[in-house]
Amino acid sequence: MPPDAGRDSDAEAAFAAARPRLLRLAYRMLGSLAEAEDVVQDAWLRWHDADRETVRDPAAFLHRTVARLCLDQLRSARRRREVYPGPWLPEPVFHPDETAADGVTLHLMVALERLSPLERAAFLLHDVFDTPFEEVAQVIGRDPAACRQLASRARSHVRAARPRYPVADATARDVAAAFRSAAQTGDIAALRSVLAADVVVYADGGGRQSAALNPILGSDRVARFFAGLARKADGQPPRLLHEGWIDGLPGYVTLDRKGVLQTTAVAVEAGRVIAVYIVRNPEKLQHLGSSADGSALPADEKSAVRPEGDAPPVASTR
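In this text the structure is predicted, and so the values were computed from the model without any measurement. (Residues numbered from 1 in each chain as written. Predicted model: local features only at pLDDT ≥ 70, side-chain atom pairs only at ≥ 80, totals over all residues. Heavy atoms only, no water.)

Draft legend 1. Focus on the side chain of Glu119. For Glu119, the position within the fold is in helix α5 (residues 117-128). Glu119 has contacts with Leu150, Arg153, Ala154 and His157, leaving out every residue within four places of it along the chain. (Helix = DSSP H or I, 4+ residues; strand = E, 2+ residues; numbered from the N terminus. Contact = heavy atoms within 4.5 Å.)

Written as structure tokens, this is what we have:
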């Protein structure tokens, strides 16, 4: 056996053990599965080339490396998203029967988009991934006191996205199903009965598929919007492919008569729909399945970023 073979084997084992958590961190910071995979791959190359004899804690080294790479990505991503056509939403992560293990739902991820890169990093690293502020400081290049302030500011900005009254999973799914039924039939009265007064709809077509370019606010406008879509469907509503959870929210995957794949995630509070997140941008849906109708979705491990320790991790979709 070559003299370095044992060390390389240990390095691979350490990286494999850390990889699911690294992918979750990268995805939460970037909102993109493809970019998260690229960052983790870059971290592997840096780990492979590092002087590992000087690394006392491989998991902490990898965690810091991924966080720093993500922070660099976030700074450039903000500029790209400023010129994005319409609302920018994270790539949807679908799972048939699991809510968000770390409590970070799509509703919260959208709120995180309004934070600065440093605020987002401090909040996610400390509040979600339990990283001590001393280590957060090493990642973002600020002292621990400044990191505490960044995380505190982030909490105040995203507080409204945290549910005031937790909703049972079964209740949330029932409300989402009632919304889907009313939206497909265009029943305005049924829609109004399930929508909160201040409901908002975000639709991400990425300039590649038709989608509302501005958020739609208020129960009346939202009800009329979905009623209009039902009329345009002319009695042929999108085909339901899968129901489950999209980034911790009840949601579903559909295919319309033109072959356009779409995910819809529904945020529920106090028995009413408070937000609807629609993704139609095909670039953000490639990971959902290999066939045109998404039939590979439930069995395909690429469809979910799994909680830490679960297997297997996200595979490359490129």
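Next comes the rest of the write-up.
Draft legend 2. Focus on the packing of aromatic side chains. The final tally for this structure, using the stated rule, is 5 aromatic pairs. Geometrically, the ring pair formed by Phe15 and Trp44 is tilted, given 5.1 Å between the ring centres and 55 degrees between the ring planes. Of this pair, Phe15 sits in helix α1 (residues 5-30) while Trp44 sits in helix α2 (residues 33-49); the two residues are 29 residues apart in sequence, bridging distant segments of the chain. Each of the two residues, Phe15 as well as Trp44, counts as buried. The interplanar angle of 5 degrees and the centroid separation of 5.5 Å between the aromatic rings of Tyr202 and Tyr277 together place this pair among those described as stacked. Within this pair, whereas Tyr202 is found in strand β2 (residues 195-204), its partner Tyr277 is found in strand β7 (residues 272-279), the two being separated by 75 residues in sequence. Tyr277 shares its class with Tyr202; the two are buried. Chaining the aromatic ring pairs together yields one cluster made of Phe179, Phe225 and Phe226. Against the face of Tyr252 rests Arg180, its NZ or CZ located 5.6 Å from the ring centre. (Phe/Tyr/Trp six-rings, centres within 6.5 Å; stacked < 30°, edge-to-face > 60°. Buried < 20%, exposed > 50% of the residue type's maximum accessible area, 1.4 Å probe, protein only. Lys NZ or Arg CZ within 6 Å of the ring centre and 35° of its normal.)

Draft legend 3. The pairing of β7, seen in detail. Most of β7 is tucked away: 7 of the 8 residues are buried. Across 6 bridges, β2 lies against β7 in parallel orientation. Bridging from a neighbouring strand, Tyr202 pairs with Tyr277 of β7. The pairing of strand β6 (residues 261-269) with β7 spans 7 bridges and is antiparallel. In the sheet register, Val266 faces β7, and the bridge partner there is Val276. Once β6 ends, the chain turns through 2 residues before running back antiparallel as β7, passing Ala270 with a positive phi of about 55 degrees. (Pairing = 2+ DSSP bridges.)

Draft legend 4. Main features of the nonpolar core. With 52 residues, the main nonpolar core has Trp47, Val66 and Ile140 as its most contacted residues. Of all the elements in the fold, those that place two or more residues in this core are α1, α2, α3 (58-82), α4 (106-112), α5, α6 (133-140) and α7 (144-158). Here this core takes 10 residues from α1, the largest share from any one element. Among the nonpolar cores identified, the runner-up in size contains 22 residues, and Leu195, Val201, Ile216 and Tyr252 belong to it. (Core = buried A, V, L, I, M, F, W, Y, C linked by side-chain atoms within 4.5 Å.)

Draft legend 5. Just unusual backbone geometry, in detail. Phi angles above zero are rare outside glycine, and Asp247 is one such case at about 50 degrees. Its place among the elements puts Asp247 in the loop between β4 (239-246) and β5 (249-255). Look at Asp247 and you get buried, because its relative accessible area is 5%. Here Ala270, not a glycine, exhibits a phi torsion of approximately 55 degrees, which is positive. Its place among the elements puts Ala270 in the loop between β6 and β7.

Draft legend 6. Main features of the sheet that holds β4. If you trace the 7 strands from one edge of the open sheet to the other, you get β1-β4-β5-β6-β7-β2-β3, paired in mixed fashion. Pairing within the sheet leaves two strands with one partner each, and these edge strands are β1 (94-95) and β3 (216-217).

Draft legend 7. Representation of the pairing of β4. Where β1 and β4 come together, 2 bridges link them in antiparallel fashion. Opposite Phe94, over in β4, you have Ile246 as the bridge partner. When β4 meets β5, the two strands line up antiparallel, connected through 7 bridges. Of the residues in β5, the one forming a bridge with Ile246 is Leu249.

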